Amino acid sequence: MTGHAPARIVAAVLAAGGGSRMGAPKAELVVAGARLVDRAVAAARDAGCRWIIAVVRDGTAVPGADVVVNPDPGRGQRSSLTLALDRARGPAPTADTAGVNAVAVLLVDTPGIGADAVRAVLAAWRPGRVAVGRYGGRRGHPIVMAPRLWREAIALAGADEGARRFLAAHPDLVDEVPVPGDPADLDTPEDVRRWPGSRPSAAGTAADAPS
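Calculation notes
Residues numbered from 1 in each chain as written. Predicted model: local features only at pLDDT ≥ 70, side-chain atom pairs only at ≥ 80, totals over all residues. Heavy atoms only, no water. Helix = DSSP H or I, 4+ residues; strand = E, 2+ residues; numbered from the N terminus. Polar contact = N/O pair within 3.5 Å; in protein donor to acceptor, adjacent residues only side chain to side chain. Buried < 20%, exposed > 50% of the residue type's maximum accessible area, 1.4 Å probe, protein only. Arc of directions from axis to C-beta. Contact = heavy atoms within 4.5 Å. Axes fitted to C-alpha atoms, helices over the stretch in contact; angles between N-to-C directions. Parallel < 35°, antiparallel > 145°, perpendicular 65-115°, else oblique. Left-handed = near helix turned anticlockwise from the far one by under 90°. Nonpolar A, V, L, I, M, F, W, Y, C, P; charged D, E, K, R; others polar. Core = buried A, V, L, I, M, F, W, Y, C linked by side-chain atoms within 4.5 Å.

Draft legend 1. Geometry of the side chain of lysine 26. By the element assignment, lysine 26 lies in the loop between β1 (9-15) and β2 (30-31). Looking at lysine 26, its side chain comes within polar contact range of the main-chain oxygen of leucine 186, at 2.9 Å.

Below, the structure written as structure tokens:
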């Protein structure tokens, strides 16, 4: 069932990583019958996001998303986050998505984060605040905040980081939202093999590649 997230909360799926430990880019990996990038986009869409930006490597098609190509993904996660924010600041794809209030960031390699978790964090976000999913005793995505705060986070981040340093520096702004799901990321072929519903061939060539 589709949720009703505010039209002006844009979802950004960061999916341009090379997957060095995986042996192949993660976006194209098939887990339990679906590519990781399609799973992340579906979670955002089913949570009610009307504008979903997917930052990917060149040559990756993502149905249902506004695709932004990272021309140099080796620069790390910060570069993909910057590109997503630049796109969110540009022309909206439709009239009802114009005027972005906040950006909800999702990572491509966390298939255990579903629409219910995304929907709850979107609903909890308030202007001037940062909403973060809490999975038991662990924080995870999505992370939702205004573009201005995301820019501050980028200024603090290392090359392969997102909001971690910003959240540590501003604990007074953070609202943790208890949500269902599993925030674990898939980093290696063995992680994929262990994922429920996956078959030995489900991760494509990466499942058999050295980590």
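Draft legend 2. Examining helix α4 (residues 147-156) more closely. Those residues of α4 lying buried are Leu149, Trp150, Ala153 and Ile154. Along the axis of α4, the buried positions cluster into a sector of 150 degrees, meaning they face one direction only. Projecting away from the buried face of α4 at angles above 90 degrees are the exposed residues Arg148 and Ala155. Contacts made by the buried residues of α4 are with α2 (77-89), β6 (102-107), β7 (130-135), β8 (138-145) and α5 (164-169).

Draft legend 3. Layout of the packing of helix α1 (residues 36-46) against helix α3 (residues 115-124). Running from amino to carboxyl end, α1 crosses α3 at an angle of 50 degrees, the nearest separation of the two axes being 8 Å. Classed by the angle they form, the pair α1 and α3 counts as oblique. The way α1 lies across α3 gives a crossing that is right-handed. Two secondary-structure elements touch here, α1 through Ala43, Ala44 and Asp46 and α3 through Ala115, Val118 and Arg119. Classifying every residue of the contact of α1 with α3 by side-chain character gives 4 nonpolar, no polar and 2 charged.

Draft legend 4. Looking closely at the environment of glycine 48. You can see glycine 48 is positioned in the loop between α1 and β4 (52-56). The class for glycine 48 is buried, based on a relative accessible area of 6%. C-alpha of glycine 48 to C-alpha of alanine 115: the two residues are 67 residues apart in sequence and 8.6 Å apart in space.

Draft legend 5. Inspection of the nonpolar core at higher detail. In terms of nonpolar packing, the biggest core is built from 39 residues, with Leu122 and Val144 touching the most fellow members. Contributions of two or more residues to this core are made by β1, α1, β4, β6, α3 and β7. Here the element with the most residues in this core is α1; it accounts for 6 residues. One finds Leu81, Ala88, Leu107 and Leu173 within the second-largest nonpolar core, a separate group that totals 28 residues.

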